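# What the coordinates show
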Amino acid sequence: MALPSSVDVVVVGAGNAALCAALAAAERGCSVLVLERAPETEAGGNSRFTAGAFRCVYDGVDDLRALMPDLTDDEVARADFGTYTAAQFFDDMGRVTEYRTDPELCDLLVTNSRATMLWLSGLGMRFLPIWGRQAYRIGGRFKFWGGLTVEAVGGGPGLVEAFYGAARGAGVEIAFGARATELLTDDAGVTGVRVRADGRTSTISAKAVVLACGGFESNAEWRTRYLGPGWDLAKVRGTRFNTGDGIRMALDAGAEAAGNWSGCHAVAWDRNAPDFGDLAVGDGFQKHSYPLGVMLNAHGARFVDEGADFRNYTYAKYGRVILEQPQQFAWQVFDATVSPLLRDEYRIRQATRVRAETLEALVGKLEGVDAAVALATLKAFNAAVTRDVPFDPNVKDGRQTVGLAVPKSNWANPLETPPFEAYQVTCGVTFTFGGLRIDRVARVISTDGGPIPGLFAAGELVGGLFYFNYPGGTGLMAGAVFGKIAGASAAAHARGEGD
Ligand SMILES: Cc1cc2nc3c(=O)[nH]c(=O)nc-3n(C[C@H](O)[C@H](O)[C@H](O)COP(=O)(O)OP(=O)(O)OC[C@H]3O[C@@H](n4cnc5c(N)ncnc54)[C@H](O)[C@@H]3O)c2cc1C
């Protein structure tokens, strides 16, 4: 499409945060242009790679029914959804970030989550309970755990498709293959963007610009520079287009850096996955059922408490732990007692998997591993399990090991029932935590302290929410909350309503 020379609001990026910003600005009567660096076939950023899980506050099943009107009485009767109150969300954010999360941003995230989900539903997004992955069926009932209950219909691809449909309906233009390269500024603030599209550079003037174009996870050089040595060796789980452009453009315009620049979200990811995400496989390369088994490194040793907490609260930091192991890999080992409980991603054709009828045979198949030490490790683990505590994957069951240097605190099942299987994983980086400082209305703050007039930001490139770790499902929720706020603020600025 031919790019316009002027528009009220330019939104950079076309993932979840960007589309929330675009739709919020359009709702307020602004003309909106979305610039997406990727071609249409690869558009939608990391948001398209997700399972579409959103962490949001609900005080009971009535809140969920308001969000998911398709829930039937029968489904409600056979599920224990519990609650996920604002207090629980605050607790989770505090605990996993070691109480470093920015209190103001965290407050906005938590207190706006429910209303923002209802807003998305009003725009035509449809949601479902996360049966199976966030609730195991025990005694005929699904019990949800870990605060993560809702996902978009069709996962990430369904979410992005729904967003693009809503954008078309709202008159929002999306330019694919259009990379923003620089912010245009004058003494009054940001006045537009420079864009590269179809091999040509042009400028677009705008009354307000929203940056929502991801972190720097897909930039090996920046990863090594900020996350540290070894991070060039990580695989990227999602889009190859999030190379830090938005952060760089804003810093060049005087923005202040905020948050955990040496931190990121990184998980156990198939050892033989491609260097960047593959939309045909989506999040299928992840291997998130490690709390049900054990992980061994190249030395044949366990190196982390696989059952320290529900996977929602450990998976995002264990990628780093795997990266720190010799040759940056681990094997996840399970026996037949738990293999029916493994998540769907363990059943994909592309999984790096070995199987054997005995532990002795299995360790011989673990490529790159000291088999003798691995066998001794598994036997010592089996001997250390407290067998009198019943196994229950729906709660932190306290079935633990005793006397091991590396304990397993919950779901410790001896590996005794054949067939045994193991999956080789490495570190897959999801997104980076460091980014730009924003205020309560998503204005980008400058190193001089005040907001940069006309510049707003949302999504991964905002720093300050996440440190060290992350509660699953918060990325989409944060992107939606701050995207909606950024779009509304950009519209107010564009209409001269003051900030
Ligand atoms: C495999 C995987 C599974 C995940 N699962 C979940 C989940 O279930 N729930 C959850 O909450 N989070 C999940 N996440 C994290 C989640 O994807 C992110 O937190 C969230 O999608 C980020 O949204 P965003 O809009 O900030 O960025 P993105 O969705 O990545 O969008 C950024 C966009 O900016 C574009 N862009 C980059 N540079 C430029 C430029 N210079 N000009 C124009 N456009 C540019 C990119 O092409 C992209 O479209 C997952 C991530 C991955 C990779």
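Let us look at the structure shown here. Here, residues in each chain are numbered from 1, in the same order as that chain's written sequence. Confidence filtering applies because this is a predicted model: local features only for residues at pLDDT of at least 70, side-chain atom pairs given and counted only at 80 or more, and all residues used for totals across whole chains, interfaces and linings. To obtain the side-chain values, all non-hydrogen atoms of the structure were used and water was disregarded.

### Let's talk about the overall build of the protein
Within the protein one finds 13 helices and 22 strands. We take the radius of gyration over the C-alpha atoms and set the globule estimate at 2.2 Å times the residue count to the 0.38 power. Expected size for 499 residues packed as a compact globule is a radius of gyration near 23 Å; at 23 Å, the protein falls within 12% of this value. When its C-alpha atoms are laid out on the principal axes, the protein stretches across 70 × 50 × 40 Å. When accessible area is computed with a 1.4 Å probe and restricted to protein chains, residues below 20% of their type maximum are described as buried, those above 50% as exposed, and intermediate ones as partly exposed. Put simply, the protein has 499 residues, and 60% of those count as buried. A total accessible area of about 18300 Å² is found for the protein, and carbon and sulfur atoms account for 49% of it. If the 48 positive side-chain charges of the protein are averaged to one point and the 57 negative ones to another, these points end up 3 Å apart. Secondary structure is summarised from DSSP: a helix means a run of H or I of at least four residues, a strand means a run of E of at least two, and numbering begins at the N terminus for each. Where accessible areas are quoted, they stem from the Shrake-Rupley method and a 1.4 Å probe; at the residue level, only the protein chains shown are allowed to cover. Positive charges come from Lys and Arg, negative ones from Asp and Glu, while His and the chain ends are left out of the count. The location of each charge is read from NZ of Lys, CZ of Arg, CG of Asp or CD of Glu.

### Considerations on the layout of surface pockets
Where empty space is left becomes clear once a probe the size of a water molecule has been rolled over the atoms. Estimated volume of the largest pocket: approximately 350 Å³. Cavities and pockets are defined on a 1 Å grid built over the protein atoms alone: a cavity is a set of grid points where a 1.4 Å probe fits but cannot escape, while a pocket is an open set with protein on both sides within 12 Å along at least five of seven lines, and lining residues are those with an atom within 4 Å of any such point. The wall of the largest pocket is formed by 23 residues, among which Trp131, Arg133, Arg343, Asp344 and Glu345 lie closest to the centre. In terms of residue count, helix 7 (residues 155-170) provides more of the lining of the largest pocket than any other element does, three residues in total. Considered class by class, the residues forming the lining of the largest pocket number eight nonpolar, eight polar and seven charged. Grid points are joined across faces, edges and corners, and a volume is the space filled by probe spheres set on the points. Ten residue types, Ala, Val, Leu, Ile, Met, Phe, Trp, Tyr, Cys and Pro, are classed as nonpolar, four, Asp, Glu, Lys and Arg, as charged, and the remainder, Gly among them, as polar.

### Some words on the packing of helix 1 (residues 16-27) against helix 13 (residues 474-494)
Axis angle and axis distance: for two packed helices, these are the angle between their axes and the distance between the axes, and together they describe the pair. Where helix 1 meets helix 13, the closest approach of the two axes is 7 Å, and the angle between their N-to-C directions is 35 degrees. Between helix 1 and helix 13 lies a crossing whose hand is right-handed. From helix 1, Asn16, Ala17, Cys20, Ala21, Ala24 and Ala25 reach across to helix 13, where they touch Leu476, Gly479, Ala480, Gly483, Lys484, Gly487, Ala488 and Ala491. Of the residues that constitute the contact of helix 1 with helix 13, the class distribution is nine nonpolar, four polar and one charged. Lines are fitted to the C-alpha atoms to define the axes, a helix being fitted only along its stretch in contact, and any angle between axes, read from their N-to-C directions, falls within 0 to 180 degrees. Crossing chirality is assigned from the near helix's rotation relative to the far helix, an anticlockwise turn below a right angle marking it left-handed and a clockwise turn marking it right-handed. Throughout, a contact is declared for two residues whenever any of their heavy atoms are within 4.5 Å.

### Examining helix 7
For helix 7, which comprises 16 residues, the first-to-last C-alpha distance of 22 Å matches the rise-based estimate of 22 Å (1.5 Å per residue) to within 8%. Those residues of helix 7 lying buried are Gly155, Gly156, Gly158, Leu159, Val160, Phe163, Tyr164, Ala166 and Ala167. With its phi angle positive at about 80 degrees, Gly171 sits one or two positions after the end of helix 7. What a helix should span is 1.5 Å times the count of its residues minus one.

### What about the sheet that holds strand 4 (residues 79-80)?
At least two bridges found by DSSP between two strands are what make those strands a pair. The mixed open sheet is built from three strands, whose spatial order is 4-7-6. Looking along the sheet, the strands with just one partner apiece sit at the ends: strand 4 and strand 6 (135-138).

### Looking at unusual backbone geometry
Looking along the chain, the bond that leaves Pro418 and enters Pro419 is cis, with omega of 0 degrees. Its location among the elements puts Pro419 in the loop between helix 12 (371-384) and strand 19 (420-432). Although it is not a glycine, Glu98 adopts a positive phi angle of roughly 55 degrees. Assignment of secondary structure puts Glu98 in the loop between helix 5 (86-96) and helix 6 (103-122). Judged by its relative accessible area of 52%, Glu98 falls in the exposed class.

### A few points about the site of the ligand
Being near a molecule or strand, for a residue, means having at least one of its heavy atoms within 4 Å of it. Inspection of the region around the ligand gives 39 residues, with Glu36, Asn46, Ser47, Asn242 and Leu476 positioned closest. Note that an oxygen atom of the ligand is positioned 2.8 Å from one of the backbone N or O atoms of Asn46. Between the ligand and Ala180, the relevant distance is 3.0 Å, taken from a nitrogen atom to a main-chain nitrogen or oxygen of the residue. Here the ligand, which alone exposes 1000 Å², has 97% of that area covered by the protein. Counting of polar contacts relies on pairs of N or O atoms within 3.5 Å, with two restrictions inside protein: one atom must be capable of donating a hydrogen and the other of accepting it, and residues adjacent in sequence are counted only when both atoms are side-chain atoms.

### Details of the pattern of salt bridges
Close approach of charged atoms allows side chains of opposite charge to pair. For this document, the term salt bridge refers to a Lys or Arg side-chain nitrogen within 4 Å of an Asp or Glu carboxyl oxygen. This structure, assessed with the given rule, holds 29 salt bridges. Notably, a salt bridge pairs Asp245 with Arg37, separated by 3.9 Å at the nearest N-O pair. Placement of the pair is Asp245 in helix 9 (residues 245-252) and Arg37 in the loop between strand 2 (32-36) and helix 2 (45-49), with a sequence separation of 208 residues. Across the pair Asp92 and Arg95 runs a salt bridge whose closest N-O atoms are separated by 2.5 Å. Note that Asp92 and Arg95 are positioned in helix 5 at a spacing of three residues, about one turn of the helix. Under the relative-accessibility criterion, Asp92 is labelled buried at 7%. The class of Arg95 is partly exposed, set by a relative accessible area of 36%. The network of salt bridges with shared partners includes Arg55, Asp92, Arg95, Asp309 and Lys396.

### Regarding the packing of helix 1 against helix 7
Running from N to C, helix 1 and helix 7 point in directions that differ by 20 degrees, and their axes come no closer than 10 Å. Classified by the interaxial angle, the pair formed by helix 1 and helix 7 is roughly parallel. In the crossing of helix 1 with helix 7, the sense of the turn from one axis to the other is left-handed. Of helix 7, the residues touching helix 1 (which contributes Asn16, Leu19, Cys20, Leu23 and Ala26) are Leu159, Phe163, Tyr164, Ala166, Ala167 and Ala170. Here the residues of the contact of helix 1 with helix 7 are counted per class, giving 10 nonpolar, one polar and no charged. Any angle that is under 35 degrees is reported as roughly parallel, and any over 145 degrees as roughly antiparallel; angles of 65 to 115 degrees are reported as roughly perpendicular and all others as oblique.

Remember that the coordinates give geometry; whether it matters functionally is a separate question.
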